[in-house]
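# Residue-level structural notes
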There are 2 protein chains.
Amino acid sequence: MHTGGETALLQSDNMDLHILDHRLRVISISKSGLVNFTHPLIKLIFLRNRTRCKFFSLTETPENYTVVLDEEGFKELQPSEHLKIESSIWLPLNVVSNGNASSSSQAVGVTKIAKSVIAPLAQQHVSVFMLSTYQTDFILVREKDLAVVITTLEEEFNIYKEVGGESVPMHCQDVSNGLQKNGKEAIQPTVHPVLIPQNQFCVMSLDPDTLPSIATTLIDVLFYSSSPKGDAQSSPSQDMDCIKFFSFSLIDGYISLVMDTEAQRQFPADLLFTSSSGELWRMVRIGGQPLGFDECGIVAQISQPLADSDISAYYISTFSFDHALVPEEDIMSVKDMLQYQRKEQATS
Amino acid sequence: MHTGGETALLQSDNMDLHILDHRLRVISISKSGLVNFTHPLIKLIFLRNRTRCKFFSLTETPENYTVVLDEEGFKELQPSEHLKIESSIWLPLNVVSNGNASSSSQAVGVTKIAKSVIAPLAQQHVSVFMLSTYQTDFILVREKDLAVVITTLEEEFNIYKEVGGESVPMHCQDVSNGLQKNGKEAIQPTVHPVLIPQNQFCVMSLDPDTLPSIATTLIDVLFYSSSPKGDAQSSPSQDMDCIKFFSFSLIDGYISLVMDTEAQRQFPADLLFTSSSGELWRMVRIGGQPLGFDECGIVAQISQPLADSDISAYYISTFSFDHALVPEEDIMSVKDMLQYQRKEQATS
């Protein structure tokens, strides 16, 4: 068991796991219901003076909008037939490299935490909801699973709980009253069908002070892209091989945007920035049927083989499906890998 | 009777009256219902590519929001208990100086048209709805009154109807089938009580291309100013002597904003512009009880004495009350004038 302070010097190749100070809800808004939520959503996205919400994410997929937000934000949304609310409180975890991490991997995203976080939690039947952003990867776990999470991960990590801006070291006995890891081997998880749409995606950020400059474009893309334009031009994204996917998050003052290159062209080129390599990403959408929130091991199913091949990946869970983004140049090998995985399971 | 062409040269001190090519509806949205209309209203204000609406005006008053918009815009608003719709179609008229107008008056706004338009229409029992903007003064009349309007005004004006971008000269026989002016003397109109709030107002404009730059501020002011701010600072406008009044219009590509100096401070100083004199205006709000749409002579009641004194005035009708704006330095004499008018009526 690790403590902070003096021993930290001896553990510079270890990483810290922070349990952030947000209690989150995961909801979906139906496509046709979005108009009824324009008022609160615009407030949460653009009017920081008018809300205490500090964790907000909105992702459009073909089936609905997924909103992840803290309780302050959740209060803004009126109950409606268009709203589905996952009943749990979710806590975001965040892995932070503790000094000079000695990992040889150059990969980023879930790949870096596949073996240390994702796989162990899947083995302990802890369901996770992933939210990768430009800045980091949030691993959301249910508040009720926190004891198991800490017990499972404290061998690998120094665990801290953020409380009012302070990082407080945490140990299993702080939450568990002696609860043990359940130690069961994970049941072989279902291998879900995947879809690989043709769009190229970018993962971008923006100085929060310049958010007003892109407000009308962002509002247009988020709230009006399903309605026809005056000039009624047909859009290439209506191609059946492409997928509607747009994600915006504003978390602790940091903005992250995931959009395809077609949406990107609508924004002024000089305000959004991406990593220096300017990489484009392809999507692997996981699930033939809506996945639900209880099945474990879905993230592990794809992040494990990516980690084995050291392929970077962003991962965004939504209300119905999961989405991994992998570098464009790796999409063929990822595809082969997933086909192999399916065959393996079929014959096992 | 005037015709265009050759005789126009002889009538250079006359003015043209244009019947604009918009068929307008006048509606009100309740304060609590605005959240339900945020989606269509933001579209009409900011997303010109997504709508064919060419005439849009939104005015917030203490009691409700008044929206004046053409039929393309009206289609965007779903019926709701929060919406009140005046049943008529209204047509906007616009007076244009025809060459070197020889009027000695330096006054602007309704004052310039008080004697030539407002008074004659009141005498003919034509109800008008006024909408002054930074650029011009729209006189809205009911479509069903058009024949009377033309018959009444064609002695003073060359009348044109805008049809698909063309100005077509119009005469009484074009619309009336020989309808005569009714020639009745107007009944002495009710002199309504007036309120003179303490706020100072400015009448401003904005290059439409820079509208996106003020989008978040404008959205904040229009849609969120009634909800408390995060920092819960008390606002001077909650002073009982001030009035909530904010008007935005986007008409044929021109933007006009009427706001008090407190609202103005929220906008970047370099984007909004006003006339070179940078005048401030005070408001005269007309009506103790909601005025309705049928009473005639309300605009005349105030614009006549202003014209007699050559005092400029903007005039904005809303669903419930009328509002005149007069130069700050003239407010005392306007006040005296209106008091005198009330006394006159009381003794007559």
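Residues numbered from 1 in each chain as written. Chains lettered and ligands numbered in written order. Predicted model: local features only at pLDDT ≥ 70, side-chain atom pairs only at ≥ 80, totals over all residues. Heavy atoms only, no water.

### Quick notes on the packing of aromatic side chains
Rules: Think of it this way: a Phe, Tyr or Trp ring, Trp meaning its six-membered ring, pairs with another when their centres are within 6.5 Å, and the plane angle makes it stacked under 30 degrees, edge-to-face over 60, tilted otherwise. Only DSSP runs of H or I with at least four residues qualify as helices, and only runs of E with at least two residues qualify as strands; both kinds are numbered from the N terminus onward. Throughout this description, buried means an accessible area under 20% of the type-specific maximum (1.4 Å probe, protein chains only), exposed means over 50%, and partly exposed covers the range between. In this analysis the charged atom, NZ for Lys or CZ for Arg, is taken to sit over a ring once it is within 6 Å of the ring centre and within 35 degrees of the ring normal.
What the rule picks out here adds up to 20 aromatic pairs over all chains. The interplanar angle of 55° and the centroid separation of 6.4 Å between the aromatic rings of A:Phe56 and A:Phe248 together place this pair among those described as tilted. Of this pair, A:Phe56 sits in strand S3 (residues 55-60) while A:Phe248 sits in strand S13 (residues 246-251), and the two are 192 residues apart along the sequence. A:Phe248 matches A:Phe56 in its accessibility class, with the two residues each being buried. Considering the side-chain rings of B:Trp90 and B:Phe293, the 6.1 Å spacing of their centres and the 55° angle between planes classify their relative orientation as tilted. Here B:Trp90, found in strand S6 (residues 90-97), pairs with B:Phe293, found in the loop between strand S15 (281-286) and helix H8 (298-308); they are 203 residues apart in sequence, far enough to count as distant. Both residues of the pair, B:Trp90 and B:Phe293, count as buried. Taken together through their ring pairs, the aromatic side chains of A:Trp90, A:Phe129, A:Phe293 and A:Phe319 make up a single cluster. When the ring centre of B:Phe74 is taken as reference, the NZ or CZ atom of B:Arg25 above it lies at 4.8 Å.

### Here we look at the pairing of strand S10 (residues 166-169) of chain B
Residues and elements named next belong to chain B. We count it as follows: A strand pair is defined by DSSP finding two or more bridges across the two strands.
Across four bridges, strand S9 (residues 157-163) lies against S10 in antiparallel orientation. In the sheet register, Glu-162 faces S10, and the bridge partner there is Ser-167. Hairpin connection, S9 to S10: the antiparallel pair is bridged by two residues, and Gly-164 has positive phi, about 55°.

### A look at the UniProt feature "domain: CASTOR1 N-terminal" (unreviewed entry) in chain A
Note the cut-off: UniProt positions are given in the numbering used here, feature names are shortened, and annotations may be inferred rather than shown by experiment.
Per the UniProt entry, the sites bearing "domain: CASTOR1 N-terminal" (unreviewed entry) are residues 23-83 of chain A in this numbering. In residues 23-83 of chain A, helix accounts for 21% and strand for 34%; the two terminal C-alpha atoms are 19 Å from one another.

### Concerning the state of the cysteines
Where we set the bar: The disulfide criterion used throughout: a pair of cysteine sulfur atoms within 2.5 Å.
Within this structure, the stated rule accounts for zero disulfides over all chains. The structure places no disulfide on B:Cys242, whose sulfur is separated from the nearest cysteine sulfur, that of B:Cys202, by 13 Å.

### Concerning the confidence of the model for chain A
Residue and element names in this part refer to chain A. Put simply, the test is: Each residue carries a pLDDT score, the predictor's own confidence in it, on a scale running from 0 to 100. Residue contacts follow a heavy-atom distance rule, with two residues in contact if any of their heavy atoms lie within 4.5 Å.
Across chain A, the average pLDDT comes to 85, with 84% of residues at 70 or higher. Long-range and interchain partners of residues 1-12, a stretch whose pLDDT sits below 50, account for 19 contacts in this model, where long-range means more than four residues apart. A low-confidence stretch, residues 230-237 stays under pLDDT 50, and its non-local contacts, those more than four residues away or across chains, total eight contacts. Here the predicted complex carries an ipTM of 0.85, next to a pTM of 0.87.

### Points about the pairing of strand S13 (residues 246-251) of chain B
All names here are of chain B. Taken across its six residues, S13 has six buried, putting it largely inside the fold. Inspection of the sheet shows strand S3 (residues 55-60) paired to S13 by six bridges, in the antiparallel sense. In the sheet register, Ser-57 faces S13, and the bridge partner there is Ser-249. Two elements, S13 and strand S14 (residues 254-260), share five bridges in a ladder whose sense is antiparallel. The residue bridging Phe-248 from the neighbouring strand is Leu-257, located in S14. What sits between S13 and S14 in their antiparallel hairpin is a turn of two residues, with Asp-252 showing a positive phi close to 50°.

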